[in-house]
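# Structural overview for review
Single-letter residue listing:
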Amino acid sequence: MKFTEFKFGKEIEEGLNMMGFNQATPIQKKAIPVIQKDRDLIACAQTGTGKTAAFVLPILDKLTKINNNSKVNTIIIAPTRELAKQIDMQIEGFSYFTNSSCYPIYGGGTGVEFDNQKKALIKGADIIICTPGRLIAHLDFNYFDTSGVEHFILDEADRMLDMGFYDDIMTIAKRLPKKRQNLLFSATMPPKIRKLANKLLK
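Keep in mind that what you see is a predicted model, and the values were worked out from it rather than measured. (Residues numbered from 1 in each chain as written. Predicted model: local features only at pLDDT ≥ 70, side-chain atom pairs only at ≥ 80, totals over all residues. Heavy atoms only, no water.)

### A closer look at the packing of helix H2 (residues 26–36) against helix H3 (residues 51–63)
Running from amino to carboxyl end, H2 crosses H3 at an angle of 30°, the nearest separation of the two axes being 9 Å. Taken together, the axes of H2 and H3 are roughly parallel relative to one another. Here the hand of the crossing between H2 and H3 comes out right-handed. In this structure, H2 uses Ile27, Gln28, Ala31, Ile32, Ile35 and Gln36 to contact H3, whose residues at the interface are Lys51, Ala53, Ala54, Phe55, Pro58, Ile59 and Lys62. Among the residues making up the contact of H2 with H3, the classes are represented as nine nonpolar, two polar and two charged. (Axes fitted to C-alpha atoms, helices over the stretch in contact; angles between N-to-C directions. Helix = DSSP H or I, 4+ residues; strand = E, 2+ residues; numbered from the N terminus. Parallel < 35°, antiparallel > 145°, perpendicular 65-115°, else oblique. Left-handed = near helix turned anticlockwise from the far one by under 90°. Contact = heavy atoms within 4.5 Å. Nonpolar A, V, L, I, M, F, W, Y, C, P; charged D, E, K, R; others polar.)

### Points about the sheet that holds strand E4 (residues 127–130)
Sheet strands pair via backbone hydrogen bonds, and the direction of the pair is either parallel or antiparallel. Pairing within the open sheet is parallel, and its six strands lie in the order E1-E6-E5-E2-E4-E3. Edge positions in the sheet fall to strand E1 (41–44) and strand E3 (102–105), since each of these pairs with one other strand and no more. Adjacent strand axes in the sheet meet at a mean angle of 15° when their direction is disregarded. As defined by bridge partners, strand E2 (residues 74–77) adjoins E4 across four bridges and the pair is classed as parallel. Across the sheet, isoleucine 76 pairs through a bridge with isoleucine 129, a residue of E4. Together, E1 and strand E6 (181–186) form the strand contacts of H2, whose direction differs from that of E6 by roughly 165°. (Pairing = 2+ DSSP bridges.)

### Observations concerning the nonpolar core
Membership of the largest hydrophobic core comes to 36 residues, with the highest contact counts inside it found for Ile91, Ile127 and Phe185. When residues of this core are traced back to their parent elements, those giving at least two are helix H1 (10–18), H2, E1, H3, helix H4 (81–94), E4 and E6. Sort the elements by how many residues they give to this core and H3 lands first, with eight residues. Apart from the residues within four sequence positions on either side, isoleucine 91 is in contact with Val56, Leu60, Ile76, Cys102, Ile127 and Ile129. Within the second largest apolar cluster, 32 residues are counted, among which are Ile105, Phe114, Leu176 and Ile193. (Core = buried A, V, L, I, M, F, W, Y, C linked by side-chain atoms within 4.5 Å. Buried < 20%, exposed > 50% of the residue type's maximum accessible area, 1.4 Å probe, protein only.)

### What about the pairing of strand E5 (residues 151–154)?
The side-chain alternation of E5 yields two buried faces, one formed by His151 and Ile153 and the other by Phe152 and Leu154. Two elements, E5 and E6, share four bridges in a ladder whose sense is parallel. Paired with leucine 154 across the two strands is leucine 184, which belongs to E6.

### As for the confidence of the model for the chain
Per-residue confidence for the chain gives a mean pLDDT of 92, with 100% of residues at or over 70. Predicted confidence in the chain is weakest over helix H9 (residues 191–200), with a mean pLDDT of 88, and strongest over E2, with 98. (pLDDT = per-residue confidence, 0-100.)

### Examining a nonpolar patch on the surface
A contiguous nonpolar patch, built from Met18, Tyr96 and Phe97 and spanning about 330 Å² of accessible area, is present on the exposed surface. Looking at the element boundaries, phenylalanine 97 is found in the loop between H4 and E3. (Patch = residues over 30% accessible without salt bridge, like charges linked within 9 Å, V, L, I, M, F, W, Y side chains within 5 Å. Areas by Shrake-Rupley, 256 points an atom, 1.4 Å probe, with all protein chains shown as cover. Salt bridge = Lys/Arg side-chain N within 4 Å of Asp/Glu carboxyl O.)

### Things to note about helix H5 (residues 111–123)
Quick reminder: α-helices carry 3.6 residues per turn. Residues three or four places apart thus point the same way. Between its first and last C-alpha, H5 extends 18 Å over 13 residues, near the 18 Å set by a 1.5 Å rise per residue. Those residues of H5 not exposed but buried are Phe114, Gln117, Ala120 and Leu121. For H5, the angular spread of buried residues about the axis comes to 120°, placing them on one side. The outward face of H5, more than 90 degrees from its buried face, is lined by the exposed residues Val112 and Lys123. Following H5 by one or two positions, glycine 124 adopts a phi angle in the positive range, close to 90°. (Expected span 1.5 Å × (residues − 1). Arc of directions from axis to C-beta.)

This is the structure:
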């Protein structure tokens, strides 16, 4: 199945061409149409199967069709700063021909980096990619207006639960609008993932 069959806008198609993407992987074939219909989703896919593109492409395509309202639209939660950086780089590639903005938010670093993260949250980067603990640190200061969040995405959810982030994820979810699209991606599907899915997904 070619990506053109998903009927993405020209901005996304140009990004796909630039990055050499043509054929969709199995997880992309199944997940993208569901996300395009604004439905919640739980997906099981190993690392390296193209799951990042499976959720990034339809979200970016949606962003090209709305006016920027200077609020964060999408939150992607990742278990580690390394994965957050990796997702950020992929988004930058796919969104090259769009006006969409993204910013990675994770722990460590200097006070200057924390201030830059704060600016991205206040000014409203379209997509933020963050680790749970660092996002909660920003939420605790009450300058991040979450009212514009329409998409809440958990990547490598099983790994996050193994690292003890269940309470953090639920804390973040409670601070977001109730009307939103929830997407949960996991490499495995143990009972604790099903429990999380039952709490978050509609």
